[in-house]
Amino acid sequence: MITLKDNFFRVIDYLRLSVTDRCNLRCIYCMPAEGIQPFGHSDILSYEEIVRIVRVAAELGVRKVRITGGEPLTRKNLPFLISEIRKISGIEDLSMTTNGILLERHAQELADAGLNRVNISLDSFNPERYREITRGGDLDAVLRGLEAARKAGLAPIKINMVPVRGINEDEIEAFAKMTLDSDCHVRFIEFMPSGTAESWGPEKYITTGEMQEIIGKIAPLEPVRVRKNGPSKYFRLQGARGVIGFISALSHHFCRECNRLRLTPEGKLRPCLFSETEIDLRSPIRTGASDDEIARLLRLSIAVKPEGHTINSTSAAGKASPCSGQAAPEQKRPMSRIGG
Ligand code: SAM
Ligand code: SF4
């Protein structure tokens, strides 16, 4: 089997596709309140262009694809894209990250089209608080979406929670306890500086260590080996059905396990979430590039994949780091345009 390795011997087999930068929410840690001016329809890659890129990537060794955004379910006819990617030889795992608002309506047709699993982003079980964090979201719609995903067999369902100090850290325990009787995965993602840098600050950031301390009071956390889990580290509360994951982008540089490439909605390959390096695929594709040329650009983006990022837990985009004494580079692209 063909494998794709970068200069640091990491196997790159995972492609995250951001299919739109539009979103029906405005989460405080991701987007400014007024939203962002979305790309025009002709700016973003068509489904045919995306499928072509995935086919060439699969020939090079990509095995896992995740659809993300913006909110992927705001893009029309997403099941068509899913079914086309499903047909590509070599793609073993096809998943989606969604805020879940539109999932109730679409879960079954996504499953029928060949989607394997969903990750649902959910940061509070309190309807008022959920509305504040997402600037208008309806918690009930997400919970109905979660149930519909379960019924459609989009399992294991993974819940992504971003704990932010002063906002929802008092719910870390309740989220962890969900795994006691349910086989879902709950993943705690460290709050990262994004293009909306004003919302990040060391005072709002909660380390994985701190989360583990809170959760460890429920029951001992036992490490779990999950196959090909990339940068997430998994544990189980003793006796629990589900597992708990931690994505520690800042406190434990997860770069050594990084197995991914990202494709932005307008066709830029982004080798690292925290680096501004991007390689344009849209122009070559729209001016007649061959599959070999697309493959060359995919290999190039892997060749320039950095060994690690330089942002740490005491620095944020554009804010001085006490460790390095330098300002960390400002991330210009909002998370909703990268796909998280
Ligand atoms: N709209 C979809 C959703 O919210 O699931 C998909 C796109 S969203 C950008 C993907 C993931 O990125 C979500 O789980 C979200 O919580 C996470 N995310 C966004 N901004 C973040 C930040 N500043 N720090 C940590 N995670 C973030
Ligand atoms: Fe939208 Fe997802 Fe960003 Fe929230 S995290 S604003 S749902 S893209």
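Residues numbered from 1 in each chain as written. Chains lettered and ligands numbered in written order. Predicted model: local features only at pLDDT ≥ 70, side-chain atom pairs only at ≥ 80, totals over all residues. Heavy atoms only, no water.

Enquirer: Please explain the pattern of salt bridges as it appears in this structure.
Expert: When the charged atoms of two side chains lie near each other, side chains of opposite charge can form a pair. Counted under the stated rule, the structure contains 17 salt bridges. Close ionic contact of Arg129 with Glu171 constitutes a salt bridge, the shortest N to O distance being 2.6 Å. Placement of Arg129 in helix α4 (residues 127–134) and of Glu171 in the loop between β5 (158–161) and α6 (172–181) is noted, with a sequence separation of 42 residues between them. Of the charged contacts in the structure, one is a salt bridge between Glu293 and Arg296, with a shortest N-O distance of 3.0 Å. Taken together, the residues span about one helical turn, with Glu293 and Arg296 both in helix α9 (residues 291–303) at a distance of three residues. Given a relative accessible area of 43%, Arg296 falls into the partly exposed group. Members of the salt-bridge network, linked through shared partners, are Arg52, Arg55, Glu59 and Asp291. (Salt bridge = Lys/Arg side-chain N within 4 Å of Asp/Glu carboxyl O. Helix = DSSP H or I, 4+ residues; strand = E, 2+ residues; numbered from the N terminus. Buried < 20%, exposed > 50% of the residue type's maximum accessible area, 1.4 Å probe, protein only.)

Enquirer: Sorry, what's going on with the nonpolar core here?
Expert: One recurring pattern in soluble globular proteins is that nonpolar side chains are buried together. One finds Leu17, Ile67, Leu78 and Phe188 to be the most contacted residues of the largest nonpolar core, which totals 97 residues. With nine residues, the top contributor of residues to this core is helix α1 (residues 47–60). The contact partners of Leu78, leaving out residues within four places of it in the chain, are Val19, Tyr47, Ile67, Pro72, Leu73, Met96 and Leu110. (Core = buried A, V, L, I, M, F, W, Y, C linked by side-chain atoms within 4.5 Å. Contact = heavy atoms within 4.5 Å.)

Enquirer: Looking at this structure, I do not really get the site of ligand 1. What am I missing?
Expert: Ligand 1 sits among 19 residues. The nearest are Tyr29, Gly70, Thr97, Ser121 and Met192. Tyr29 places a polar main-chain atom, nitrogen or oxygen, 2.9 Å from a nitrogen atom of ligand 1. In this structure, Asn160 approaches ligand 1 through a side-chain N or O atom, which is 3.2 Å from an oxygen atom. Computed on the free molecule, ligand 1 has an accessible area of 540 Å², of which 95% lies beneath the protein chains in the complex. When grouped by side-chain class, the residues that make up the shell around ligand 1 number seven nonpolar, ten polar and two charged. (Near = heavy atom within 4 Å. Polar contact = N/O pair within 3.5 Å; in protein donor to acceptor, adjacent residues only side chain to side chain. Areas by Shrake-Rupley, 256 points an atom, 1.4 Å probe, with all protein chains shown as cover. Nonpolar A, V, L, I, M, F, W, Y, C, P; charged D, E, K, R; others polar.)

Enquirer: Would you mind showing me how to read the packing of helix α2 (residues 78–86) against helix α3 (residues 103–113) here?
Expert: The geometry of a pair of packed helices is captured by two quantities: the angle between their axes and the separation between those axes. Orientation of α2 relative to α3, taken along the N-to-C sense of each, is 20 degrees, at an axis distance of 8 Å. Here α2 lies roughly parallel to α3, going by the angle between them. Seen along the crossing, α2 lies across α3 with a hand that is right-handed. Contact residues: α2 offers Leu78, Pro79, Ile82, Ser83 and Arg86, while α3 offers Glu109, Leu110 and Ala113. Considering only residue class, the contact of α2 with α3 consists of five nonpolar, one polar and two charged. (Axes fitted to C-alpha atoms, helices over the stretch in contact; angles between N-to-C directions. Parallel < 35°, antiparallel > 145°, perpendicular 65-115°, else oblique. Left-handed = near helix turned anticlockwise from the far one by under 90°.)

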